[in-house]
Amino acid sequence: MNTLDKDFSAELLDDCHPPCLSIYQPTHRHHPDNQQDPIRFGNLVKALEKSLLRQFRKEEIRPLLEPFLVLAADREFWKHTLDGLAVLGAKGMFRVYTLQRPVAELAIVADSFHVKPLMRIRQSADRFQVLGIDRQAIRLFEGNRDVLDEIEPAPSVPRTMTQALGDELTEPHQTVASYGGAGGGRAPMRHGHGGKETEVDIDTERFFRAVDRAILKHHSQPSSLPLIIAALPEHVHVFHDVSRNPFLLPDSIDIHPDAVSSTDELRQRAWQLLEPRYLTRLASLVEEFGNAMSKGLGDDALAQVAKAVAGGRVATLLIEAGREVPGRINSATGDITFSDLAHPEVDDVLDDLGVMALKMGGKVIVVPTERMPTQTGIAAIYRY
């Protein structure tokens with residue numbers, strides 16, 4: 001399965017040789033609800049075909065549609081979907097993303113991929129990761145306010161202490177304590193079994209350091225998601241002491257995931273820690289936009305914002321999640337031509353503006369409708 005964070009980081013979705021095909025649909029995790037999912041997907045593929053035939057011959061579009069048709073017939077795939085699905089295809093490229101959020105049903109052929117739903121998921125302020133850890137092993141989870149799923153750590157992330165330390169494991173029960181406080185300059189003192197309560201198990205510390213480095217490199221940096229530790233209090237303390245991960249939150253879930261009744265309980269505990277930060281971030285963005293407007297450095301008029309995006313003037317762009325404006329943008333001038341999404345070269349103007357702003361080095365945030373500070377579906381904060 002393709003990885004959304006890695007593909008966005010690599011700007012893989014920016015380059016597409018038209019026509020660019022995008023399908024989105026809500027899916028279901030369990031039988032019997034998921035039985036209709038491949039049928040609905042097949043109908044969306046037919047919609048792509050109908051749109052393509054307005055401009056291309058049937059023999060030209062067959063290679064483009066073939067990967068979609070193969071996926072529609074893959075029975076095993078449809079047994080393991082989540083809450084939503086995004087499938088993007090073009091000449092020489094085919095990407096499939098299973099999503100933890102439902103998405104609106106959509107089939108679009110355009111001269112670029114339709115990625116606003118993916119931008120919203122990737123850049124939503126309510127996403128997070130949870131690392132469950134003890135002396136023996138780790139478990140990694142990713143989710144949002146509504147759902148949390150256990151995910152497979154990257155191959156380079158050690159799952160167990162044995163994987164991390166191998167032959168370098170110390171003798172059983174050997175521990176290490178450091179006296180004199182931080183910066184005291186005194187060497188660690190090793191003790192046998194039964195040492196003082198302040199002693200720290202050297203293998204545990206080394207294991208946690210190895211996990212911290214690998215999680216930062218392979219998960220936190222590619223996703224930029226906040227990380228929450230779920231562990232016994234004594235392990236939380238050790239991990240925070242050795243961690244160099246700037247995405248690690250100071251708050252923690254002081255219980256190991258194995259000890260909670262369900263993954264959903266773990267999600268609830270995590271969201272209790274994240275929700276105040278989420279609301280604060282959205283409120284800060286809205287306030288920042290209001291201040292910019294008062295100084296003439298912000299705008300919510302679509303035509304003006306489009307020209308500013310094309311000119312590289314937009315520092316931050318807020319886009320309403322549920323809004324679509326069918327049309328095309330002249331990337332050089334920012335001029336908009338409104339049209340019909342059924343046309344094979346027409347996409348959502350808001351979606352295209354988000355992609356353009358990102359390419360220009362701007363920050364793009366897809367905002368829930370109820371938190372959007374404007375009625376136009378867009379709000380821009382200018383650099384100058």
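Novice: Can you help me understand the overall build of the chain in this one?
Specialist: Counting its secondary structure elements, the chain contains 11 helices and 17 strands. Among the 384 residues that make up the chain, the fraction classed as buried is 48%. Within the chain, contacts between residues at least 6 apart in sequence are counted, and of these 67% link residues at least 24 apart. Put simply, the chain shows about 18,900 Å² of open surface, and 50% of that area lies on carbon and sulfur atoms.

Novice: Help me out: how do you make sense of the packing of aromatic side chains in this one?
Specialist: Any aromatic ring pair is given by two values, namely how distant the centres are and how the planes are angled relative to each other. As enumerated under the stated definition, the model contains 6 aromatic pairs in all. Both rings, one in Phe68 and one in Phe94, keep their centres 5.0 Å apart while their planes meet at 85°; by these two values the pair is edge-to-face. Taken together, the residues Phe68 in helix 3 (residues 58-72) and Phe94 in strand 3 (residues 93-99) connect sequence positions 26 residues apart. Aromatic side chains Phe77 and Trp78 sit 5.0 Å apart centroid to centroid with 85° between the ring planes, which places their arrangement in the edge-to-face category. Counting every residue linked through ring pairs, the aromatic cluster contains Phe41, Phe77 and Trp78. Over the ring of Tyr382 we find Arg313; its NZ or CZ atom is 4.3 Å from the centre of that ring.

Novice: What is the right way to read the state of the cysteines from this model?
Specialist: Here, disulfide denotes a covalent bond that connects the sulfur atoms of two cysteines. The full count for this structure, using the stated rule, is 1 disulfide. There is a disulfide in this structure between Cys16 and Cys20, and the S-S distance comes to 1.8 Å. Residues Cys16 and Cys20 are joined through a disulfide that is left-handed, its torsion about the S-S bond being -120°. On the basis of relative accessibility, which here comes to 0%, the residue Cys20 falls in the buried class.

Novice: Please clarify how the sheet that holds strand 15 (residues 347-348) should be interpreted in this entry.
Specialist: Working definition: the strands of a sheet are paired by backbone hydrogen bonds and lie parallel or antiparallel to each other. Spatial ordering of the open sheet is given by 14-13-15, a layout of 3 strands whose pairing is antiparallel. Strands at the two margins of the open sheet, each flanked by one partner only, are strand 14 (336-338) and strand 15. Contacts between helix 11 (residues 349-359) and the sheet are confined to strand 13 (326-329), strand 14 and strand 15, with strand 13 contributing the most and set at about 35° to the helix.

Novice: Quick question: what am I supposed to make of the pairing of strand 16 (residues 363-367) here?
Specialist: Side-chain positions along a regular strand alternate between the two faces of the sheet. Along strand 16, 4 of the 5 residues are buried, which leaves the element largely enclosed by surrounding structure. The pairing of strand 12 (residues 314-320) with strand 16 spans 5 bridges and is classified as parallel. If you follow Leu317 over to strand 16, its bridge partner there is Val364.

Novice: Sorry, what's going on with the sheet that holds strand 7 (residues 148-151) here?
Specialist: Pairing is mixed across the open sheet formed by 4 strands, whose spatial order is 7-6-5-10. Single-partner strands in this sheet number two, and they are strand 7 and strand 10 (227-230). Strand after strand, the sheet turns through a mean of 30° between neighbouring axes, direction not considered. As paired strands, strand 5 (residues 128-133) and strand 6 (residues 138-143) are joined by 6 bridges and run antiparallel to one another. Residue Gly132 lies in a different strand from strand 6, and its bridge partner there is Arg139. Of the strands in this sheet, strand 5, strand 6, strand 7 and strand 10 are in contact with helix 7 (residues 202-223), which crosses strand 5 at around 165°.

Novice: For this particular structure, what's the right way to read helix 8 (residues 233-242)?
Specialist: What sets the pattern is the α-helix's 3.6 residues per turn: residues three or four places apart point alike. Along helix 8, the positions that sit buried rather than exposed are His235, Val236, Val238, Phe239 and Val242. End-on, the buried residues of helix 8 take up no more than an arc of 165°, which puts them together on one face.

Novice: I'm lost on the nonpolar core in this one. Help?
Specialist: As a rule of thumb, soluble globular proteins bury nonpolar side chains together. Counting 44 residues, the largest nonpolar core has Leu118, Leu317 and Leu353 as the members making the most contacts within it. Within the second largest apolar cluster, 26 residues are counted, among which are Val130, Phe289, Ile365 and Val367.

Novice: Is there a simple way to think about the packing of helix 10 (residues 302-310) against helix 11 in this case?
Specialist: Angle between the axes and distance between the axes: these two values describe a pair of packed helices. It is the contact of helix 10 with helix 11, at a shortest axis distance of 9 Å, that shows an interaxial angle of 30°. Our classification of the angle between helix 10 and helix 11 gives roughly parallel. Pair helix 10 / helix 11 crosses with left-handed handedness. Listed contacts from helix 11 to Leu302, Ala306, Val309 and Ala310 of helix 10 are Val349, Leu350, Leu353, Met356 and Ala357. Among the residues making up the contact of helix 10 with helix 11, the classes are represented as 9 nonpolar, no polar and no charged.

Novice: Help me understand the pairing of strand 17 (residues 378-382) in this model?
Specialist: Among the 5 residues of strand 17, 5 are classified as buried, and the element is accordingly described as predominantly covered. Direction of pairing for strand 11 (residues 298-299) relative to strand 17: antiparallel, over a ladder of 2 bridges. Pairing of Gly298 across the sheet is with Ile381, part of strand 17. Both strand 12 and strand 17 contribute to a ladder of 5 bridges, which runs antiparallel. Within the sheet, the bridge partner assigned to Ile319 lies in strand 17 and is Ile378.

Conventions used here
- Residues numbered from 1 in each chain as written.
- Predicted model: local features only at pLDDT ≥ 70, side-chain atom pairs only at ≥ 80, totals over all residues.
- Heavy atoms only, no water.
- Helix = DSSP H or I, 4+ residues; strand = E, 2+ residues; numbered from the N terminus.
- Buried < 20%, exposed > 50% of the residue type's maximum accessible area, 1.4 Å probe, protein only.
- Contact = heavy atoms within 4.5 Å.
- Areas by Shrake-Rupley, 256 points an atom, 1.4 Å probe, with all protein chains shown as cover.
- Phe/Tyr/Trp six-rings, centres within 6.5 Å; stacked < 30°, edge-to-face > 60°.
- Lys NZ or Arg CZ within 6 Å of the ring centre and 35° of its normal.
- Disulfide = S-S within 2.5 Å.
- Pairing = 2+ DSSP bridges.
- Axes fitted to C-alpha atoms, helices over the stretch in contact; angles between N-to-C directions.
- Arc of directions from axis to C-beta.
- Core = buried A, V, L, I, M, F, W, Y, C linked by side-chain atoms within 4.5 Å.
- Parallel < 35°, antiparallel > 145°, perpendicular 65-115°, else oblique.
- Left-handed = near helix turned anticlockwise from the far one by under 90°.
- Nonpolar A, V, L, I, M, F, W, Y, C, P; charged D, E, K, R; others polar.

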